[in-house]
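Chain by chain, the residues:
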Amino acid sequence: MLTDQERREIEAELPHYPRKQALCIEALKVVQHHRGWVDDEALCDVAEFLDMTPHEVDSVATFYNLIYRRRVGRNVIHLCDSISCWVMGGDGICEHLKGNLGIEMGETTEDGRFTLLPIPCLGDCDRAPSMMIGRTLHSGLTPGKVDDILRDCK
Amino acid sequence: MNKPLTEHIKPGAPPIDLAAYERTGGYEALRQALASMEPGGVTSMVEESKLRGRGGAGFSTGMKWSFVPMGDQAPRQKYFVCNADEMEPGTFKDRFLMEHNPHQLIEGMILGAYAIQAPTGYIFLRAEYHASQTALARAIEEAREAGFLGRNILGSGFDHDIHLHTSAGRYICGEETALLNALEGRRAIPRAKPPFPPVVGLWGKPTIVNNVETLYNIAPIIRHGADWFNQLGLTGESGTKLYGVSGRVNRPGLWELPLGTPLREIIEEHAGGMRDGYRFRGVIPGGASTDFLVEEHLDLAMDFASVQKAGSRLGTGTMIVLDDRTCPVGMVLNLERFFARESCGWCTPCRDGLPWVEKILDDVERGGGREDDLDLLAQQAKHLGPGRTFCAFAPGAVEPLQSALKYFEEDFRRHFNGNGCPYRSESAASGTRQVPPGNGHRI
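Residues numbered from 1 in each chain as written. Chains lettered and ligands numbered in written order. Predicted model: local features only at pLDDT ≥ 70, side-chain atom pairs only at ≥ 80, totals over all residues. Heavy atoms only, no water.

Trainee: Which residues make up the sheet that holds strand 1 (residues 79-84) of chain B, and what are the values?
Mentor: Residue and element names in this part refer to chain B. Spatial strand order, 3-2-1-4: four strands in an open sheet with parallel pairing. Where the open sheet ends on each side, the last strands, each with one partner, are strand 3 (161-166) and strand 4 (207-211). The sheet shows a mean angle of 20° between the axes of neighbouring strands, taken without regard to direction. Summarising the sheet, strand 2 (residues 120-125) and strand 3 pair through six bridges and their orientation is parallel. Following the sheet pairing, Gly121 is matched in strand 3 by Ile162. (Pairing = 2+ DSSP bridges. Helix = DSSP H or I, 4+ residues; strand = E, 2+ residues; numbered from the N terminus. Axes fitted to C-alpha atoms, helices over the stretch in contact; angles between N-to-C directions.)

In structure tokens:
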């Protein structure tokens, strides 16, 4: 069941769209915000609320890379792997991150602190290489800077 | 007045609020249009300005608007959508505009909506642009309180409101019909065209989708006129362009310059030339899905027609520089890996072809390449070209590939016979992978 809070947040978007089903992505984002990720139960809750089947909602959920259908860590690192970052040594930053965290791209650390994911160009190309953790954009990355940033994450 | 997009922007300053925007003539164009222009007059003026879309395709903005059905027989519900899903690799121009001067976008949207008589507008914003989201949400609120949005705007009888929609990822959402599906809450798969969105768009209603930078031009055009806008370009094309440069140049950044500014001036003067120890080898001129230009093109005027004549596209006008110590094959591999991942999977040539291209390039990069791989890659580039796939994604994806085969064929060959990447062994020996990061110089 959706919580009252989740329901309120989804319903607040209703007046902006002519059909309830248009809220599918928004609703998934709301439940993910509160629950950390979209598990099967969350998926069914959204489906019921929008008069859709769980399969329909899953086809949407699995399409978008910012909807997580697997448990993620407390800090999701979105590392830009697009062209400007690559030219500026982004591969080296990626290797450094993987080594530091002891995980591969797409994995979560055992203590549940970090998940490492790739992201299309963050629009920060003149300050490359870049990554985003939560709502914070980190630019001009060097291995040393990456270590400092990770240390500051809870 | 020769920098209509950025003249009031101070890089790094907080977003310009409503009062500050109005002090510099903000919303004057809207007042003018609502008081004394017919909707069709706004469209005509934009057509006469010869403004072309700044999102990559370069289609005439006024002509696009003119396709929307008008008059009593037209549907009452129409939509005006801003494509703020900037995700083209190497492109960082729309974010800069939205974070600094959100009202100019809102004003451009209201003018566009008035021209096509659309009561509803959406800004489709990529979720990672948090600062843009904050700036736009506040600007919409301010505009609403001041009566620039809502019912009976400035007593004109025209109603319009804008909703800020944040996306949930995927590059393909930038394709306008995929964007419409995403706005409807569906998988972002492009739609069959025709019908085109100006006639059948969002929820089946007439819909205009315009890029952010495009819309920043609208209020200045209405205020100063089409003739003024025509004069801004250097080579007969209208307006200015936000050009960007990233890669191993001295001052990577973003500058508003007259449309048609030569490539050499952008790279050497504005971006400060190549860093010490690096030589210019080429550039992808307008985001990831454009063909390479090389040294012979340095004196090219960066306008739509000239770049097209040289075999590439102006695209987004934000360039990625290839230097002599970066492997062109590795660069194309990075691009094709991106496109293979971001394919929506709807049509087979794109879904299967791009991963195949990626595998071949990866193999070449590792030393497993053979002479006939060049033919295979060229064939794939052809099979994924215009008219052979469902949308423009795959044709765009193979533009850097086909031009790399043309200009850097020798580089491909140097990888063959088990050699692998010659640049990797060079850089391992001299330690050049440790590149100092960029700082960002803007305007």
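Trainee: Explain the domain arrangement of chain B residue by residue, including any values.
Mentor: Residue and element names in this part refer to chain B. We note that the domain assignment places domain 1 (18-230), domain 2 (240-323) and domain 3 (328-420) within chain B. Distance between the C-alpha centres of domain 1 and domain 2: 28 Å. Each partner contributes to the interface: domain 1 provides 16 residues, whereas domain 2 provides 18 residues. The contact between domain 1 and domain 2 buries some 1400 Å² in all, and 61% of this surface belongs to carbon and sulfur atoms. The interface formed by domain 1 and domain 2 holds one salt bridge in total. The residue Lys241 makes a salt bridge to Glu213 at a minimum N-O spacing of 2.7 Å. The interface formed by domain 1 and domain 2 holds ten residue pairs in polar contact (both at pLDDT 80 or more) in total. The greatest single-element share of the side of domain 1 that touches domain 2, amounting to three residues, is contributed by helix 5 (residues 93-100). Classifying every residue of the side of domain 1 that touches domain 2 by side-chain character gives five nonpolar, six polar and five charged. (Domains from an automatic or database assignment. Contact = heavy atoms within 4.5 Å. Buried area = accessible area lost by both parts, 1.4 Å probe. Salt bridge = Lys/Arg side-chain N within 4 Å of Asp/Glu carboxyl O. Polar contact = N/O pair within 3.5 Å; in protein donor to acceptor, adjacent residues only side chain to side chain. Nonpolar A, V, L, I, M, F, W, Y, C, P; charged D, E, K, R; others polar.)

Trainee: Which residues make up the sheet that holds strand 4 (residues 136-138) of chain A, and what values go with them?
Mentor: Residues and elements named next belong to chain A. Pairing is mixed across the open sheet formed by four strands, whose spatial order is 2-1-3-4. Strands at the two margins of the open sheet, each flanked by one partner only, are strand 2 (114-119) and strand 4. If you compare each strand with its neighbour and ignore which way they point, the axes differ by 25° on average. The pairing of strand 1 (residues 75-80) with strand 3 (residues 131-133) spans three bridges and is classified as antiparallel. Residue pairing in the sheet places Ile77 in a bridge with Ile133 of strand 3. Lying over the sheet, helix 7 (residues 143-152) contacts strand 1, strand 2, strand 3 and strand 4, oriented at roughly 10° with respect to strand 3.

Trainee: Can you explain helix 7 of chain A? Please cite residues and give values.
Mentor: Residues and elements named next belong to chain A. If you check which residues of helix 7 are buried, you get Val146, Ile149 and Leu150. Seen along its axis, helix 7 keeps its buried residues to an arc of 100°; they face one direction. In helix 7, those exposed residues whose orientation departs by more than 90 degrees from the buried face are Arg151 and Asp152. (Buried < 20%, exposed > 50% of the residue type's maximum accessible area, 1.4 Å probe, protein only. Arc of directions from axis to C-beta.)

Trainee: If you had to explain empty space enclosed by the protein to someone new, which residues and values would you point to?
Mentor: All names here are of chain B. On inspection of all chains with the given rule, the structure shows three cavities of 30 Å³ or more. Its boundaries defined by the atoms lining it, the largest cavity holds a volume of some 130 Å³. Taken together, 14 residues line the largest cavity, and the ones lying closest to its centre are Glu7, Tyr21, Gln104, Pro220 and Arg223. Contributing elements (two or more residues each) for the lining of the largest cavity: helix 6 (102-116) and helix 10 (218-224). (1 Å grid on protein atoms, 1.4 Å probe; cavity = no way out; pocket = protein on both sides within 12 Å on 5 of 7 lines; lining within 4 Å. Points joined across faces, edges and corners; volume = space filled by probe spheres on them.)

Trainee: A description of the state of the cysteines should follow, citing residues and the corresponding values.
Mentor: Residue and element names in this part refer to chain A. Applying the stated rule across the entire model yields zero disulfides over all chains. The thiol sulfur of Cys44 is not disulfide-bonded, and the nearest other cysteine sulfur, from Cys24, lies at 12 Å. Residue classification places Cys44 among the partly exposed residues on the basis of a relative accessible area of 36%. Cysteine Cys125 shares no disulfide, and the gap to the nearest cysteine sulfur, in Cys121, comes to 3.5 Å. (Disulfide = S-S within 2.5 Å.)

Trainee: Explain the pattern of salt bridges to me, and be specific about the residues and the numbers.
Mentor: Counted under the stated rule, the structure contains 42 salt bridges over all chains. Of the charged contacts in the structure, one is a salt bridge between B:Glu342 and B:Arg170, with a shortest N-O distance of 3.4 Å. With B:Glu342 in helix 14 (residues 328-342) and B:Arg170 in the loop between strand 3 and helix 8 (176-183), this residue pair connects regions lying 172 residues apart in the sequence. Relative accessible area serves as the criterion here: at 11%, B:Arg170 is assigned to the buried category. Residue B:Arg337 pairs with B:Asp362 through a salt bridge whose shortest N-O separation is 3.3 Å. Pair noted here: B:Arg337 is in helix 14 and B:Asp362 is in helix 15 (residues 348-365), with a separation of 25 residues, a long-range link. Overlapping salt bridges bring together A:Asp81, B:Arg170, B:Arg341 and B:Glu342 as one network.

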